Amino acid sequence: MKRYAVVTGASSGIGMEFARQLAKKGYSLVLTARREERLKELAEELLVECRIIPADLSKEEECHRLFEEIKNLKVTVFINNAGFGDCGKFIDSSLTKELDMIRLNIEAMHILMKLMLQKMQADNRGYILNVASSAGLLPAGPYMSTYYATKAYVTSLTRGVAEELREAGSRVYVGCLCPGPVDTEFNAVANVEFALKGIQAKDCVAYALKQMSHKQTVIVPTLLMKLATTSGRMIPQKLCVQIAAGQQKRKMEGK
C-alpha cells in the first residue's frame with residue numbers, strides 16, 4: 001500500500017521544499033495550495049505520484065473538503081504548513097488581512113491537525129508537523145503582533161497535544177517547526193526584510209525531517225535561533241518585547 005505525505009501551502013517556500021524532499025524519500029504526495037498552476041509545475045518536476053488539490057484553507061469548508069479527499073489514503077506524514085505574515089503597526093494594519101491570517105495560521109492549522117490526528121490515532125501511527133516560527137517561542141513581536149500571536153498559538157497547541165499523546169503511549173508524532181528567517185516568498189507577502197540573514201529552505205526542511213525522525217517536539221533550526229529563543233525565556237519579558245520591537249523596526253526601515 002502506498003505511503004502518502006500531505007503538504008499544505010506546497011506552492012512555494014518551505015512547503016515546496018518539503019514536497020521535494022519527501023518525494024526523494026519515496027512518498028506519494030498530496031499537494032494543496034491556492035495556486036493550482038504552481039502545484040502542477042511542482043508535480044511535473046517530481047518523480048512520484050502527486051495528487052493536486054487546489055484549496056483556500058482560510059475557509060473552514062475548504063479544510064473539511066481537503067480532509068474528505070484524503071481520509072481514505074494511507075497518510076503517514078502531514079505537513080501543516082499553510083500560513084503567512086504581515087508587518088506594520090497594529091493600529092494601521094489591514095483588519096481583513098489580519099483576520100485572513102488568523103483563519104489560515106490558526107483555524108486551518110487547528111482543524112487539519114485535529115482531523116489528521118484522529119485519523120492517525122486510529123492507525124496508531126503517523127507524523128504531523130505544524131510549521132510555526134521562532135516568533136511563536138517569544139512573548140510578543142511588536143510591529144508583527146498578529147503574526148507572533150498566531151504562531152504562539154501553534155507552538156502552545158502542539159506542545160500540549162504532544163504531551164497528551166506521550167502520556168497515552170501513542171505512536172503518533174506531533175511537533176512544530178520554529179525557524180527564524182528563511183529565504184522564501186514569505187518575506188514579500190509579509191512586506192518585510194529580515195534583519196538577520198535567512199537560511200535556505202532546503203537546509204531548514206532537511207533538519208526538520210531529521211528531528212521528526214527523532215520525535216523532537218519543538219524543532220528550531222540553527223544555533224543562532226536556538227540561542228535567541230532560549231535567551232527570550234531567561235531575560236525579563238518586558239525587555240524581550242522591547243528587543244523584538246527594535247528588530248521589527250529595523251526590518252521596516254530596511255524596506
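Just above, that's the structure.
On a predicted model such as this, the values are computed, not experimentally measured, just so you know.

Peer 1: What is the right way to look at the packing of helix α1 (residues 13-24) against helix α7 (residues 201-213) in this model?
Peer 2: When two helices pack together, their arrangement is given by the angle between their axes and by how far apart the axes lie. Put simply, α1 and α7 touch, their axes get as near as 9 Å, and they point 60° apart. It follows from the interaxial angle that α1 and α7 lie oblique. Here α1 and α7 pass one another in a crossing that is right-handed. On the side of α1, the interface is formed by G13, I14, E17, F18, Q21 and L22, while α7 contributes A201, K202, C204, V205, A206, A208 and L209. The residue makeup of the contact of α1 with α7, split by class, is nine nonpolar, two polar and two charged.

Peer 1: Before we go on, may I ask you to explain the packing of aromatic side chains in this structure?
Peer 2: The geometry of an aromatic ring pair is captured by two quantities: the separation of the ring centres and the angle between the planes. On inspection of all chains with the given rule, the structure shows two aromatic pairs. Consider the rings of Y147 and Y148, whose centres lie 6.5 Å apart with planes at 80°: the pair is edge-to-face. Overall, Y147 belongs to the buried group, its relative accessible area being 8%. Exposure remark for Y148: the relative accessible area of 9% places this residue in the buried category.

Peer 1: Help me out: how do you make sense of unusual backbone geometry in this one?
Peer 2: Outside of glycine, negative phi angles account for most residues, and trans bonds account for most peptide bonds. One non-glycine residue, N124, lies in the positive phi region at around 55°. You can see N124 is positioned in the loop between α4 (95-123) and β5 (126-131).

Peer 1: Would you mind showing me how to read the pairing of β5 here?
Peer 2: Remember that side chains alternate between the two faces of the sheet whenever the strand is regular. Judged by how many residues are buried, β5 sits mostly within the fold: five of six residues are covered. Summarising the sheet, strand β4 (residues 75-80) and β5 pair through four bridges and their orientation is parallel. Residue pairing in the sheet places F78 in a bridge with I128 of β5. For the crossover that starts at β4, traverses α4 and ends in the parallel β5, the hand is right-handed. With six bridges connecting them, β5 and strand β6 (residues 172-177) associate as parallel partners. Across the sheet, the residue bridging to G126 is V172, located in β6.

Peer 1: Explanation requested: a positive patch on the surface in the structure shown.
Peer 2: A grouping of R3, K74, R125, R171 and K215 is seen on the molecular surface, where their side chains present a positively charged patch. By secondary structure assignment, the location of R171 is in the loop between α5 (145-168) and β6.

Peer 1: In this structure, what is going on with the sheet that holds strand β3 (residues 50-54)? I would like to understand it.
Peer 2: Paired through backbone hydrogen bonds, the strands of a sheet run either parallel or antiparallel to each other. One open sheet holds the seven strands; their spatial order is β3-β2-β1-β4-β5-β6-β7, and the pairing between them is parallel. For this open sheet the edge positions go to β3 and β7 (218-219), each flanked by a neighbour on one side alone. Bridge count between strand β2 (residues 28-33) and β3: five bridges; the pairing is parallel. Counterpart to V30 in the pairing with β3 is R51. On top of the sheet, α1 reaches β1 (4-8), β2, β4, β5 and β6; it is set at about 170° to β1, its chief contact.

Peer 1: Looking at this model, I keep getting lost on the nonpolar core. Mind explaining?
Peer 2: Of all hydrophobic cores here, the largest spans 43 residues; its most connected members are L57, I70, F78, M116 and I128. Put simply, the parts of the chain that give this core at least two residues each are β1, α3 (60-70), β4, α4, α5 and β6. Per element, the largest residue contribution to this core is 11 residues, and it comes from α4. When near neighbours in sequence (up to four residues on either side) are disregarded, L57 contacts T8, T32, E62, C63, L66, A82, R103, L104, A108 and L112. One finds I79, Y173, V205 and I219 within the second-largest nonpolar core, a separate group that totals 30 residues.

Each value, and the rule that gives it
What you see as residue numbers is a count from 1 along each chain, following the sequence as written. Only residues with pLDDT of 70 or above have their local features reported here, since the model is predicted, and side-chain atom pairs are shown and tallied only from 80 upward, although totals for entire chains, interfaces and linings are computed over all residues. In computing side-chain values, all of the structure's heavy atoms are included and hydrogens and water are not. Axis geometry follows a simple rule: fit a line to the C-alpha atoms, using only the stretch in contact for helices, then measure angles between N-to-C directions, giving values from 0 to 180 degrees. Runs of H or I in DSSP of at least four residues are treated as helices and runs of E of at least two as strands, each being numbered from the N terminus. Roughly parallel covers angles under 35 degrees, roughly antiparallel covers those over 145, roughly perpendicular covers 65 to 115, and oblique covers all other angles. We call a crossing left-handed when the near helix sits turned anticlockwise from the far one by less than a right angle, and right-handed when that turn is clockwise. Any two residues whose heavy atoms approach within 4.5 Å at even a single point are treated as in contact. Here the nonpolar group is Ala, Val, Leu, Ile, Met, Phe, Trp, Tyr, Cys and Pro; Asp, Glu, Lys and Arg are the charged ones; every other residue, Gly included, is treated as polar. Aromatic contacts are taken between Phe, Tyr and Trp rings whose centres are within 6.5 Å, Trp giving its six-membered ring; a plane angle under 30 degrees counts as stacked, one over 60 as edge-to-face, and the others as tilted. Throughout, exposure labels follow a simple rule: accessible area from a 1.4 Å probe, protein chains only, divided by the maximum for the residue type, with under 20% read as buried, over 50% as exposed, and the rest as partly exposed. For two strands to count as paired, DSSP must find a minimum of two bridges between them. Viewed with both strands pointing away, a crossover whose connecting path from the first strand over the helix to the second turns clockwise is right-handed. The patches reported here contain residues having more than 30% relative accessible area and no salt bridge. Joining distances are 9 Å for like charges and 5 Å for nonpolar side chains (Val, Leu, Ile, Met, Phe, Trp, Tyr). Residue-level accessible areas treat just the shown protein chains as cover; the underlying method is Shrake-Rupley with a 1.4 Å probe. For this document, the term salt bridge refers to a Lys or Arg side-chain nitrogen within 4 Å of an Asp or Glu carboxyl oxygen. By the counting rule applied here, Lys and Arg register as positive and Asp and Glu as negative, while His and the ends of each chain are not counted. Charge placement uses NZ in Lys and CZ in Arg. For Asp and Glu, CG and CD serve respectively. Only buried Ala, Val, Leu, Ile, Met, Phe, Trp, Tyr and Cys residues count toward a nonpolar core, and they belong to the same one when joined by side-chain atoms within 4.5 Å.

Fair warning: the whole summary comes from geometry, so function is off the table for now.
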